[in-house]
Amino acid sequence: MQPLGRRRLLVRAGEFAGLAALAGLPGCANAPPHPAPAVVPVAPAIVRGPIGSRFGTTPFTLGVASGDPLPGGVVLWTRLAPAPQHDGGMPPVPMPVDWEIAADEAMRTIVQRGSATALPEFGHAVHVEVGGLQPARWYWYRFTAGGVASAIGRTRTAPALDAPLEQLRFAFASCQHYGQGYFSPYHHMAGEPLDLVVFLGDYIYEVPSWAETVRPEPKTVPVTLVEYRNKYGLYKSDPDLQAAHALFPWIVTWDDHEVANDYADDQSQERDDPAWFLRRRAAAYQAYWEHMPLRQGARPSGPWLTLHRRLRFGDLAEFSVVDDRQYRSHQPCAPLERAGGNVEPDCAERRDPRRSMLGAAQERWLLDGLDRSTVRWNVIAQQLLMAQVKRRLNGAPAFWTDAWDGYPAARQRLLGFLAARRPANPVVIGGDIHSYWVTDLKPDFDDPRAPTVATEFVGTSITSHGISYARTRAVLADNPHIKFFDSRQRGYVRCEVTRQRWLTDLVAVESVTRRDAPAAVLASFVVESGRPGALPVAPTPGV
Ligand SMILES: [Fe+2]
């Protein structure tokens, strides 16, 4: 296959050139088949010693994190990496890492402590699943290795499953290209009174920023495990990102760029040999698990990693976290020279009812969970814009095929289910498209009388370049279910959920060209319990 020129990619991708521009991938278009990522042999002995002095620096360069809170527990994460952009810089032997968790921020009242082993074959990452904690309270934690202590992190357990909960405050974010800006939205998020952070994909970008770079970054595209680790080493060096991890538990899912732009199951945008691509995917999935506060049970097996899961917060809210990449059908109507997403006129393949976004098993899991749910608000935490965006190409309707618009039958199954079974207050949150969207989700977007069955909030990017504002505005008249759109700011979304009302604030920073740029609420929306669809309200003052 011939490599595509970047100019041609921009033309093919039409309105979504901002996203497709990230897909230049000159290093990958004709990448040779690559051997499976090497596993470093494990030496039998555990080395004890002063790691800090041995390597001349702290091994905790990537900070600490916590995630997936349960009523009595939480996952604590760190990784020993004195040289984070050079495969960690650790000797290829297991290392003991002590951890302790306290009831106070000064770490005076230790409630639990233990020891974990950081294994070289998993990049010396540590995932500690702490149990036996009290529900709905803050804890502080730190790690120690070789006599060197990590920073102190703060985390919060979930309320008991059936506990009456009056309020949940969280922020969600996505799409943080390192080269395209400072992660200054996290600078503001760190000052928020949040219970948790939800991250909806594109934690890293496999492609560097080829132009308009704010921060220098290596102009490399990862393919191997070590190369993906080095990419996380760069991204997680950001102090504002580290602070946000250290302050709140995170619930994470991925989108495409944790592996490669617009991949779908075993198919890359360049139509690489699927066997080769799955080896690349295995390397990327392992690096993802190594760097996220996920459970041991999520540890990947080759190119497979089970990421979808549910997290419940008392009787108030449950998050169904889904994975839209690993099991999806290939994007429809794609030209031979380039798979992945394109703005395409409608085609029979797009409407094929056998096509799936989540894969049959995950789709069943999602619907079954929603059907059984007893909480007040059912949050579907996913990656993409779910609402239809009807565009025009030479006068004919056209759709961006990488998002749910490429999978209308799968979307209709989900939204039709919501209409028929009516789980309480479904709210879809998403990212991917580097712009804010507020939409009414309907089982049939072409029928103006169709009921609104769920509310959708999509957050803009942390830093990644926005899509064209003017060209996207121009299609909104054809899409009356879209209540709000703006692609001109970078930021995150803040949600305050109570029994009667869900308040969403779209938080925007003035700039990502500097760390300390001010932020403000761009717009605010309210959903009343029992009435799907967001209503605009005056922007919440202050951030
Ligand atoms: Fe993105």
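Let me sum up the structure you'll find in this document.

Cut-off values and rules
- Residues numbered from 1 in each chain as written.
- Predicted model: local features only at pLDDT ≥ 70, side-chain atom pairs only at ≥ 80, totals over all residues.
- Heavy atoms only, no water.
- Phe/Tyr/Trp six-rings, centres within 6.5 Å; stacked < 30°, edge-to-face > 60°.
- Buried < 20%, exposed > 50% of the residue type's maximum accessible area, 1.4 Å probe, protein only.
- Lys NZ or Arg CZ within 6 Å of the ring centre and 35° of its normal.
- Helix = DSSP H or I, 4+ residues; strand = E, 2+ residues; numbered from the N terminus.
- Pairing = 2+ DSSP bridges.
- Donors = N, O, S within 2.8 Å, 3.2 Å for Na, K, Ca; no water.
- Tetrahedral: all angles 85-135°; square planar, octahedral: opposite > 155°, others 65-115°.
- Core = buried A, V, L, I, M, F, W, Y, C linked by side-chain atoms within 4.5 Å.
- Contact = heavy atoms within 4.5 Å.
- Polar contact = N/O pair within 3.5 Å; in protein donor to acceptor, adjacent residues only side chain to side chain.
- Axes fitted to C-alpha atoms, helices over the stretch in contact; angles between N-to-C directions.

**Looking at the packing of aromatic side chains**
Here comes step 1: Applying the stated criterion across every chain, the model contains 23 aromatic pairs.
Here comes step 2: Between tyrosine 141 and phenylalanine 143 the ring centres are 6.3 Å apart and the planes differ by 80 degrees, which places this aromatic pair in the edge-to-face class. Taken individually, tyrosine 141 and phenylalanine 143 each receive the classification buried, so the pair is uniform in this respect.
Here comes step 3: One aromatic cluster is present, built from ring pairs that chain together Tyr178, Phe183, Tyr186, Phe199, Tyr203, Tyr232, Tyr235 and Trp250.
Here comes step 4: Between the NZ or CZ atom of arginine 215 and the centre of the ring of tyrosine 178, over which it lies, the distance is 3.8 Å.
Here comes step 5: Cation over ring: arginine 281 sits above tryptophan 304, and NZ or CZ is 4.7 Å from the ring centre.

**Focus: the pairing of strand β1 (residues 64–70)**
Here comes step 1: In terms of burial, β1 is a largely internal element, 6 of the 7 residues being buried.
Here comes step 2: Inspection of the sheet shows β1 paired to strand β2 (residues 73–79) by 5 bridges, in the antiparallel sense. If you follow leucine 70 over to β2, its bridge partner there is glycine 73.
Here comes step 3: Once β1 ends, the chain turns through 2 residues before running back antiparallel as β2.

**Here's the deal with the coordination of the iron ion**
Here comes step 1: Distances from the iron ion to its protein donors, Cys175 (SG), Asp202 (OD), Tyr205 (OH) and His434 (NE2), fall within 2.1 to 2.6 Å.
Here comes step 2: Here the iron ion binds 4 donor atoms, and the angle range of 86 to 173 degrees at the metal identifies the geometry as irregular.
Here comes step 3: Here the donor residues for the iron ion map to a single chain with the spacing C-x26-D-x2-Y-x228-H. Of this pair, cysteine 175 sits in the loop between β9 (167–173) and α4 (184–189) while tyrosine 205 sits in the loop between β10 (196–199) and α5 (225–235), placing them 30 residues apart in sequence.
Here comes step 4: A residue is classified by how much of its surface remains accessible, and cysteine 175, at 0% relative accessible area, is buried.
Here comes step 5: Of the residues examined, tyrosine 205 reaches a relative accessible area of 0% and is grouped as buried.

**A closer look at the nonpolar core**
Here comes step 1: Residues Tyr186, Met189, Tyr203, Trp250, Val259, Tyr288 and Leu294 are the most contacted members of the largest nonpolar core, which totals 46 residues.
Here comes step 2: For this core, the secondary-structure elements that each account for two or more residues are β9, α4, β10, α5, α6 (239–247), β11 (249–252) and α7 (274–291).
Here comes step 3: For this core, the element with the most residues is α7, which contributes 8 residues.
Here comes step 4: What tyrosine 288 contacts, discounting residues up to four positions off in sequence, is Tyr232, Val252, Thr253, Trp254, Glu258, Leu294 and Leu307.
Here comes step 5: Residues Leu311, Cys495, Ala508 and Ala534 belong to the second largest nonpolar core, which totals 34 residues.

**Topic: the pairing of strand β23 (residues 501–509)**
Here comes step 1: Of all 9 residues making up β23, 8 are buried, and the element is well covered by its neighbours.
Here comes step 2: Pairing between strand β22 (residues 490–498) and β23: 8 bridges, direction antiparallel. Looking across to β23, one finds that glycine 491 is bridged to alanine 508.
Here comes step 3: What sits between the antiparallel neighbours β22 and β23 is a turn of 2 residues.
Here comes step 4: Direction of pairing for β23 relative to strand β24 (residues 519–528): antiparallel, over a ladder of 9 bridges. Among the inter-strand pairings, valine 507 is bridged to a residue of β24, identified as valine 521.

**What about α6?**
Here comes step 1: Buried residues of α6: Asp240, Leu241, Ala244, His245 and Ala246, and no others.
Here comes step 2: Of the surrounding secondary structure, the elements contacted by the buried residues of α6 are β1, β6 (138–145), β8 (153–156), α4, α5 and β11.
Here comes step 3: The backbone nitrogen of aspartate 240 has a side-chain oxygen 2.9 Å away, supplied by the residue at the start of α6, namely aspartate 238.

**Some words on the sheet that holds strand β18 (residues 426–430)**
Sheet strands pair via backbone hydrogen bonds, and the direction of the pair is either parallel or antiparallel.
Here comes step 1: What the 7 strands build is an open sheet, ordered β12-β13-β15-β18-β20-β19-β21; its pairing is mixed. If you trace the sheet from one side to the other, it starts and ends with β12 (309–313) and β21 (482–486), each paired once. The sheet shows a mean angle of 15 degrees between the axes of neighbouring strands, taken without regard to direction.
Here comes step 2: Summarising the sheet, strand β19 (residues 436–441) and strand β20 (residues 454–458) pair through 5 bridges and their orientation is antiparallel. Along β20, the bridge assignment pairs threonine 439 with glutamate 456.

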